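This is what each chain is made of:
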Amino acid sequence: MQYDFTSILDRKGKDAIAVDAPDMKSGFGADYFAKAKLKLGFDRIPMWVADMNFPTVPTIPEAIIERVKHPAYGYFVPRDEYYEEIMQWHEKRNRVTGLKKEHIGYENGVLGGAVSALNVLCSKGDSVLLHSPTYIGFTGALTNNGYNIVLSPLVQDDKGMWRMDLEDMERKIIENKIHAAILCSPHNPTGRVWEREELEKMMELYRKHDVYVVSDEIWSDLILTGHKHIPAQSVSEDAKQRTIALYAPSKTFNLAGLIGSYHIIYNKWLRDRMDKETSLPHYNDMNVLSMYALIGAYKPEGYEWVDQLCEVLTGNIDYAYQFIQDHFEGVKVIKPQGTYMLLLDCEKWCREHDRTIDELQTAGLEVGVLWQDGRPFHCPFGIRMNLALPLSRVKEAFDRLDKYVFNANVVN
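Residues numbered from 1 in each chain as written. Predicted model: local features only at pLDDT ≥ 70, side-chain atom pairs only at ≥ 80, totals over all residues. Heavy atoms only, no water.

Novice: Just give me the short version of the packing of helix 4 (residues 80–94) against helix 12 (residues 288–297), but keep the residues and values in it.
Specialist: Helix-helix packing: each pair is described by the crossing angle between the helix axes and the interaxial distance. At a closest axis distance of 9 Å, the pairing of helix 4 and helix 12 adopts a crossing angle of 40°. Relative to helix 12, the crossing made by helix 4 is left-handed. On helix 12, the residues that touch Glu 81, Tyr 82, Glu 85, Ile 86 and Trp 89 of helix 4 are Met 291, Leu 294, Ile 295 and Ala 297. By residue class, the composition of the contact of helix 4 with helix 12 is 7 nonpolar, no polar and 2 charged. (Axes fitted to C-alpha atoms, helices over the stretch in contact; angles between N-to-C directions. Helix = DSSP H or I, 4+ residues; strand = E, 2+ residues; numbered from the N terminus. Left-handed = near helix turned anticlockwise from the far one by under 90°. Contact = heavy atoms within 4.5 Å. Nonpolar A, V, L, I, M, F, W, Y, C, P; charged D, E, K, R; others polar.)

Structure representation (structure tokens):
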């Protein structure tokens, strides 16, 4: 079946911060958008927060609606089908073997799961190793919970590929007495899909210094053509035992508003401690409809839908990357290998045009391109862009950026 990735969804007024945030009085990016007034004649193209502007696979609303028809929504326990679908998904898509029901645990969200994992592994005030650029959610969640973030910057090799700096990581592990690290795989916001050899070297370093790993693999289904996700737990038996991995259908199928993630933990001691930690606030309980959403997502149609989605995302990113190369002189971008996010480095353009990054971001917002400030991701001249929308809207956005932002003063 061919699914719909071309229709333009009208999400305004449908509880989507992606399009409604500019009209909000506070929170969820309202202050960021308030600095710019939309110019007459332009509509808003949502390209900031990481959710998609495509209708999800039909089996999800079908599963939810079928359950809603039964007019009782009381206390429940997760169905065996919930766990079976997860196990099959990882076996078929990531070639994972040996995954059992007992290894899987519910989490309201990946960030909450990461904090719970760190509460098991660390004491408040401990240092935790992360790579930079860094997902803004990690920065907020770890800081709010009393952890000290130690950043190891990713470096670009001679081909422009983002790489881990193992020497820098080891030095900071030793200097800061670090015993817990967060891995983002694929990496947000760079879109890097880690190779097996890279993960093996990283895990060997962590084994050497007794560092436990919280692996955020929420983006692992959104891999672009020519690349493959390698679960961190799969690279060695030691990696399997020292890693708490976090997954969710929410990023893959755009279900963040329904809530519902899960962890995979093979180490029984870690699993028992994690289960205890996540039980403490008495809020980490599954919603019956989010359970059915996952079951609907992981049906055979979901496999087909994700494959088509990844083809669409690959095309969108190829288009945007080439457009930037051809039209935006002074803007640097490395083509991502996964996710649907694009990270622009606008330092050279800003310096050559004597413009601040604030002025550049505002110019885009004024013509309806709702892109995201990269500075909270530790990118001083960065802008993050979401390309999970119909190609026609991607083309419209980049046409506006060409005519009214990056080349507005060029005489044709």
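Back to the text.
Novice: Which residues make up the nonpolar core, and what values do they have?
Specialist: In a soluble, globular protein the nonpolar side chains are often hidden away together inside. Grouped together as the largest cluster of nonpolar side chains are 110 residues, with contacts concentrated most on Trp 371 and Phe 398. Counting residues per element, this core draws most heavily on helix 13 (residues 300–327), which supplies 10 residues. (Core = buried A, V, L, I, M, F, W, Y, C linked by side-chain atoms within 4.5 Å. Buried < 20%, exposed > 50% of the residue type's maximum accessible area, 1.4 Å probe, protein only.)

Novice: Outline the pattern of salt bridges, supporting the account with residue identities and numerical values.
Specialist: Any two side chains of opposite charge can pair, given that their charged atoms come close. For the coordinates displayed, the defined rule picks out 35 salt bridges. Put simply, Asp 43 and Arg 393 hold a salt bridge, and the shortest N to O gap is 2.6 Å. With Asp 43 in the loop between helix 2 (30–34) and strand 1 (45–46) and Arg 393 in helix 16 (residues 391–406), the pair connects residues that are 350 residues apart, well separated along the chain. In this structure, the salt-bridge partner of Arg 93 is Asp 307, at a minimum N-O distance of 3.1 Å. Of this pair, Arg 93 sits in helix 4 while Asp 307 sits in helix 13, and the two are 214 residues apart along the sequence. (Salt bridge = Lys/Arg side-chain N within 4 Å of Asp/Glu carboxyl O.)

Novice: Give me empty space enclosed by the protein: which residues, what numbers.
Specialist: Summed over all chains, the structure comprises 4 cavities of 30 Å³ or more. The volume enclosed by the largest cavity comes to roughly 90 Å³. If you go around the largest cavity, you meet 14 residues; those closest to its centre are Pro 249, Ile 259, Gly 260, Ser 290 and Leu 294. Of all the elements, helix 12 adds the most residues to the lining of the largest cavity, at 4 residues. Tallied by class, the residues present in the lining of the largest cavity amount to 10 nonpolar, 4 polar and no charged. (1 Å grid on protein atoms, 1.4 Å probe; cavity = no way out; pocket = protein on both sides within 12 Å on 5 of 7 lines; lining within 4 Å. Points joined across faces, edges and corners; volume = space filled by probe spheres on them.)

Novice: Any chance you could break down helix 12 for me, citing the residues and the numbers?
Specialist: Here helix 12 lies mainly inside the structure; 9 of its 10 residues are buried. Those residues of helix 12 lying buried are Val 288, Ser 290, Met 291, Tyr 292, Ala 293, Leu 294, Ile 295, Gly 296 and Ala 297. Where helix 12 is buried, its residues meet helix 3 (59–68), helix 4, strand 2 (104–107), helix 10 (250–253), strand 10 (261–264) and helix 13. Structurally, the start of helix 12 carries an N-cap: the backbone nitrogen of Leu 289 is 2.7 Å from a side-chain oxygen of Asn 287. (Polar contact = N/O pair within 3.5 Å; in protein donor to acceptor, adjacent residues only side chain to side chain.)

Novice: Residues and numbers for the packing of helix 7 (residues 166–175) against helix 8 (residues 196–208), please.
Specialist: Two elements in contact, helix 7 and helix 8, have axes whose closest approach is 11 Å; the angle formed by their N-to-C orientations is 20°. When the axis of helix 7 is compared with that of helix 8, the two are roughly parallel. Handedness of the crossing formed by helix 7 with helix 8: right-handed. Residues Leu 166, Met 169, Glu 170 and Ile 173 of helix 7 touch helix 8, and the partners they reach there are Lys 201, Met 202, Leu 205, Tyr 206 and Lys 208. Its residues assigned to classes, the contact of helix 7 with helix 8 comprises 6 nonpolar, no polar and 3 charged. (Parallel < 35°, antiparallel > 145°, perpendicular 65-115°, else oblique.)

Novice: Can you explain the packing of aromatic side chains? Please cite residues and give values.
Specialist: Enumeration over the complete set of coordinates arrives at 21 aromatic pairs. Measuring from ring centre to ring centre gives 5.4 Å for Trp 349 and Phe 406, while their planes differ by 85°; the resulting arrangement is edge-to-face. Of this pair, Trp 349 sits in helix 14 (residues 347–352) while Phe 406 sits in helix 16, and the two are 57 residues apart along the sequence. Of the two residues examined, Trp 349 and Phe 406, each falls in the buried class. Feature note: the residues Phe 5, Phe 54, Trp 89, Phe 253, Tyr 298, Tyr 303 and Trp 305 constitute an aromatic cluster, connected by ring pairs. For Lys 92, the ring lying beneath its charged end belongs to Tyr 303, and the centroid distance is 5.4 Å. Lying across the ring of Tyr 266, Lys 240 places its NZ or CZ 4.5 Å from the centre. (Phe/Tyr/Trp six-rings, centres within 6.5 Å; stacked < 30°, edge-to-face > 60°. Lys NZ or Arg CZ within 6 Å of the ring centre and 35° of its normal.)

Novice: Can you lay out helix 15 (residues 357–366) for me, pointing to particular residues and giving the numbers?
Specialist: Counting buried residues in helix 15 gives 7 out of 10 residues, a clear majority hidden from the surface. Taken residue by residue, helix 15 has Ile 357, Leu 360, Gln 361, Thr 362, Ala 363, Gly 364 and Leu 365 as its buried positions. Each element contacted by the buried residues of helix 15 is listed here: helix 2, helix 14, strand 13 (369–370), strand 14 (372–373), strand 15 (382–386) and helix 16.

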